[in-house]
Amino acid sequence: MASPTPDRKDNLAAHWKCLAACTLMSMCPFQYGVDFGIIGSLQAMKGFLEVFGHEDPLSPTGWNISPGRQQLISSLMILGAFLASSAAGPIALYLSRRWSIWSACVLCIVANVIMMTTDKIGGLYAGRLLIGLANGLFMTFAQLYLQEVAPAKYRGLVIASFQTWLMCFVLLTFTLGTLVGTVIDNGTKDIPSKQAYIIPLGIVYVIPGLVSIGLLFIPESPRWLLQMDREEDARKALKWLRPFPELVDAEFAEMKAAIDAEKLLAVNTEIIDIWRNPIDRRRTLLAVGAVTLQAASGAMYMISYGTYFFQMAKVGSPFMNSCILTAVGVVVIIINSCIITKWGRRRVFLVNGMLICGLCQLIVAAVYNTHPGTLATGKARIPNPKLQGFQAIVGISVLYIMGYNGMVSSYAWLCGGEFPSQRLRSFTFGIAASVGFFGAWLTTFTAPYFINPDALNWGPKYGYIWAPSCIIGALWTYFYLPEVKNRTFEEIDEMFMAKLPARKFRGYKCVGPAVFAVDEKNQTRVSVEGVA
């Protein structure tokens, strides 16, 4: 591809319009993070427990919530996200990336109205399911947009920004969102009424409102427009997103050639193609496996029930501890954002991140199992033996969150979006996201049975389940995950069509700007230059 003229530098400042569009879309995972931060802390808030919980003289607050309700409040949102992301492929055939996000904004507002006005547990469940549907659309279609519009050399930075909004580069917003939700909860926790949780829920209206307005000023994804055969609209969108008009035609031609080449493999874009074609099947399984690493790390139970852990352990202020822990995660992610473009090798970070997470889970479980209720696991001043041992998670969770936020979370979603073929991107990434959400739902649904003092009361011993899960994830990454750092989608297409083993992706030299397709029926290579 051609380069810009010497008097103009191809740097971040030059791509300010594209980054502005990405920053707007980054508010979508920010919304997902705000919801997690708020609802996770509400379950330890007296005002919330007085409405949806029950009195418990053994609890530090005098109130508790049953494991069943705890499960549904946290997991119904993820179930809704699973359902929405599962339908991403069919939705994308009719709604663009922007219209899908607009739909999510409407669902989010309706869901929050229900949660703020109801005092019935059934109404709260309905609101949680609806906001889950909204979050599923937010997370799936925002990331599709970001993957499709970001320049190849900045795609890692854009997607790595999954955990914080401070960098203005997209997907680092989950952790910052969680931090905002937790800080707001910390400020309202002592209000002796329903307002203690009504006020934090009000923040949920902010992001859908801002995103709905901002979407009026940014273009649609040019790759989606090309998939819909709207070539002129795609060209206009690409010109808006790129700083050098003289280079747009070359990038557009490469984009179109890759999509045309993929269309040689199938007449229609059907969900069955992701399993019927061996190349697409491999790409789908890799995308699913990459995103599932998040759930395999066991992070969801720590994110969803962290404040509850601190509350049961009586370790200082549980809300303040959650703020500190989440702030550490933000700092780690900011550091990661600074290095991902130059050193962000997917395989290295994911393998080491999963090993760190597994080791942390194993240490906490082993120490607590050997010395329950002693100084080795915490302050051990709780008279109720059902509540002992939870403090072990406080000391090790900082290291855990560094491994998860800095190495696993960002790179898992990044790989999940890089591997799908362009023709089936919505279907493949939708399935990958839905499997990831299912894993998260399964974790949050079953965790209360293990950690709640009214149930199995395993406490930190829950780590015995997640330590081997992390090790398996690290091994899978080492043997099967390809390295595609700084590769364009067209280059990634070429490498998959060449059927390279995972270990050869990093050193592979692409044959040129035009990729080639493989006619599976005739076992012949088809040059894209010959595609009409």
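Right above here is the structure, for reference.
Just so it is clear, the model here is predicted, and its values are computed rather than measured. (Residues numbered from 1 in each chain as written. Predicted model: local features only at pLDDT ≥ 70, side-chain atom pairs only at ≥ 80, totals over all residues. Heavy atoms only, no water.)

Trainee: What exactly am I supposed to notice about the packing of helix H5 (residues 97-117) against helix H6 (residues 121-149) here?
Mentor: Geometry of a packed helix pair, given as the angle between the helix axes and the separation of the axes. In contact at an axis separation of 8 Å, H5 and H6 are set at 160° when each is read in the N-to-C sense. Relative to H6, the element H5 is oriented roughly antiparallel. Between H5 and H6 lies a crossing whose hand is left-handed. (Axes fitted to C-alpha atoms, helices over the stretch in contact; angles between N-to-C directions. Helix = DSSP H or I, 4+ residues; strand = E, 2+ residues; numbered from the N terminus. Parallel < 35°, antiparallel > 145°, perpendicular 65-115°, else oblique. Left-handed = near helix turned anticlockwise from the far one by under 90°.)

Trainee: Please explain the nonpolar core as it appears in this structure.
Mentor: Where a protein is soluble and globular, its nonpolar side chains tend to be buried together. Counting residues in hydrophobic clusters, the biggest one holds 119 residues, and the most contacted among them are Met25, Phe48, Ile101 and Phe419. When residues of this core are assigned to their parent elements, the largest contribution, 14 residues, is made by H6. By size, the runner-up hydrophobic cluster in this structure holds six residues, among which are Tyr301, Ala447, Phe450 and Trp466. (Core = buried A, V, L, I, M, F, W, Y, C linked by side-chain atoms within 4.5 Å. Buried < 20%, exposed > 50% of the residue type's maximum accessible area, 1.4 Å probe, protein only.)

Trainee: Could you clarify how one ought to interpret a nonpolar patch on the surface in this entry?
Mentor: Taken together, Leu355, Ile471, Leu475, Tyr478, Phe479 and Tyr480 make up a surface patch of nonpolar side chains, about 640 Å² in accessible area. Of the residues forming the nonpolar patch, the biggest block, five residues, is contributed by helix H21 (residues 463-480). Residue position: Tyr480 is located in helix H21. Classification of Tyr480 by relative accessible area gives exposed; the value is 51%. (Patch = residues over 30% accessible without salt bridge, like charges linked within 9 Å, V, L, I, M, F, W, Y side chains within 5 Å. Areas by Shrake-Rupley, 256 points an atom, 1.4 Å probe, with all protein chains shown as cover. Salt bridge = Lys/Arg side-chain N within 4 Å of Asp/Glu carboxyl O.)

Trainee: Quick question: what am I supposed to make of helix H10 (residues 206-214) here?
Mentor: Quick reminder: α-helices carry 3.6 residues per turn. Residues three or four places apart thus point the same way. Within H10, the full set of buried residues consists of Ile207, Pro208, Val211 and Gly214. The arc that holds every buried residue of H10, seen down its axis, measures 135°, which confines them to one face. (Arc of directions from axis to C-beta.)

Trainee: Would you mind going over the environment of Leu42 with me for this structure?
Mentor: Relative to the assigned elements, Leu42 resides in helix H1 (residues 16-42). Of the residues examined, Leu42 reaches a relative accessible area of 1% and is grouped as buried.

Trainee: Honestly, the packing of H5 against helix H9 (residues 195-202) in this entry has me stumped. Any pointers?
Mentor: Interaxial distance between H5 and H9 falls to 10 Å at its minimum, and their mutual angle equals 170°. Taken together, H5 and H9 sit at an angle that is classed as roughly antiparallel. Within the contact between the two elements, H5 uses Asn112, Met115 and Met116 and H9 uses Ile198, Leu201 and Gly202. Here the residues of the contact of H5 with H9 sort into four nonpolar, two polar and no charged. (Contact = heavy atoms within 4.5 Å. Nonpolar A, V, L, I, M, F, W, Y, C, P; charged D, E, K, R; others polar.)

What is shown is where atoms sit, not what they do.
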